[in-house]
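# Observations on chain architecture
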Amino acid sequence: MNYNYKIIIEYIGKGFVGWQIQKNGTSIQEIIEKALSKTLKSKIKVNGSGRTDAGVNAIGQTANFILKTEIKNRFKFLSTVNYYLNKFSISIIDLKKKELNFHARHSAKKRVYEYIISNRKTKLSIDKHRAWLVKKKLDIKKMKRGANYFLGIHDFSAFRASTCSAKSPVKKIINLKVKKNKEKIIFIIESKSFLQKQVRSMIGCLKYVGENKWKPDKIKEVIRSKSRQKCAPPAPPEGLYLKKIIY
């Protein structure tokens, strides 16, 4: 008999080539598969909900795997697998049994990303590798206005990486919130799926708006152009978090 398990994972992306197994370095998927295989004494392959890029973090990455035996002690499983992950900035924080047709990527209805800008003049210590330090004062009202142009269905060709393998550049942004918490500016972005570097490219453009390099309606012009050359440089990966997958 087969059992299907969903795990929720958090990690700091610095030092990894991203989620997906690659030949050019260590991936988060590779480390997790090794830890699971040791814990369950069986070769485990996981399906991730999405491929986070090199340096991108996660609070709620989801993956699933099929096992021929039932995991009866959840606490023991979580303790053991996290023991094998001890030397990495990766933790498995939850385990749930799912129906056999559940797939971490294909069953996802929405993906929620969060981006954090630390808008202050001094260097980061606690938030180093966990936020984008922008020293120039940003105008949050203008950034909120600019963010509204991203909502709805658009061709996001101007915001996709040249290496993006998505079949279509058309995506629907369901929600994009911009909020301020003391020195931090937090962006929460929801969509069924995203193009490679789409979120970071959108944040890069909103930073230009916040710095008054662009007017808010310049966002509309960049979307319509479908040209990568018209887009601002993408925000760095360390401020980006895969926050939650909604099924």
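Higher on the page you've got the structure.
Here the structure is a predicted model, which is why all the values come from computation and not from measurement.

## Quick notes on the nonpolar core
- Core analysis: the biggest nonpolar cluster contains 68 residues, and Ile7, Ile32, Leu36, Phe65, Phe77, Ile117 and Phe159 have the highest contact counts within it.
- With seven residues, helix 4 (residues 198-210) is the single largest residue contributor to this core.
- Discounting chain neighbours no more than four positions away, the residues touching Ile32 are Ile7, Ile9, Trp19, Val46, Ile90 and Ile92.
- In terms of nonpolar packing, the next biggest core, distinct from the first, is built from seven residues, Val112, Ile116, Ile188 and Tyr241 among them.

## A closer look at the packing of aromatic side chains
- The tally for this structure, following the rule as stated, stands at ten aromatic pairs.
- Ring centres of Phe102 and Tyr247 lie 4.9 Å apart, and the angle between their planes is 65°; on these two criteria the pair is classed as edge-to-face. One end of the pair, Phe102, is in the loop between strand 4 (90-98) and strand 5 (110-118); the other, Tyr247, is in the segment after strand 10 (240-246), with 145 residues separating them in the sequence.
- The exposure class assigned to Tyr247 is partly exposed, which follows from its relative accessible area of 28%.
- Through a chain of ring-to-ring contacts, the aromatic side chains of Phe150, Phe156 and Phe159 assemble into a single cluster.
- Directly above the aromatic system of Phe102 lies the positively charged group of Lys98, at a separation of 5.1 Å from the ring centroid.
- Over the aromatic face of Trp214 sits the side chain of Lys218, whose NZ or CZ is 5.4 Å from the ring centroid.

## A look at the pairing of strand 9 (residues 184-191)
- The element strand 9 is largely enclosed, with a buried count of seven among its eight residues.
- Bridge count for strand 5 against strand 9 is eight bridges, and the pairing is antiparallel. Directly across from Tyr113, in strand 9, lies its bridge partner Ile189.
- Bridging between strand 8 (residues 170-181) and strand 9 involves eight bridges; their strand directions are antiparallel. Note that in strand 9 the partner of Asn181 across the bridge is Lys184.
- Where strand 8 folds back on strand 9, the antiparallel hairpin that results is connected by two residues, among which Lys182 adopts a positive phi of roughly 60°.

## Some thoughts on the pattern of salt bridges
- Here the structure, examined in full by the defined rule, presents 14 salt bridges.
- For Lys45, the salt bridge goes to Glu33, with nearest N and O atoms at 3.7 Å. With Lys45 in the loop between helix 1 (28-40) and strand 2 (47-48) and Glu33 in helix 1, this pair connects stretches of sequence that are twelve residues apart.
- With a shortest N-O distance of 2.8 Å, Arg74 and Asp94 are connected by a salt bridge. Of the two residues, Arg74 sits in helix 2 (residues 74-84) while Asp94 sits in strand 4, which places them 20 residues apart along the sequence.
- Exposure remark for Arg74: the relative accessible area of 41% places this residue in the partly exposed category.
- Sharing partners across several salt bridges, the network here consists of Arg74, Asp94 and Lys96.

Reading guide: rules and limits
Residues numbered from 1 in each chain as written. Predicted model: local features only at pLDDT ≥ 70, side-chain atom pairs only at ≥ 80, totals over all residues. Heavy atoms only, no water. Core = buried A, V, L, I, M, F, W, Y, C linked by side-chain atoms within 4.5 Å. Buried < 20%, exposed > 50% of the residue type's maximum accessible area, 1.4 Å probe, protein only. Helix = DSSP H or I, 4+ residues; strand = E, 2+ residues; numbered from the N terminus. Contact = heavy atoms within 4.5 Å. Phe/Tyr/Trp six-rings, centres within 6.5 Å; stacked < 30°, edge-to-face > 60°. Lys NZ or Arg CZ within 6 Å of the ring centre and 35° of its normal. Pairing = 2+ DSSP bridges. Salt bridge = Lys/Arg side-chain N within 4 Å of Asp/Glu carboxyl O.

Spatial relationships are all this shows, so hold off on functional conclusions.
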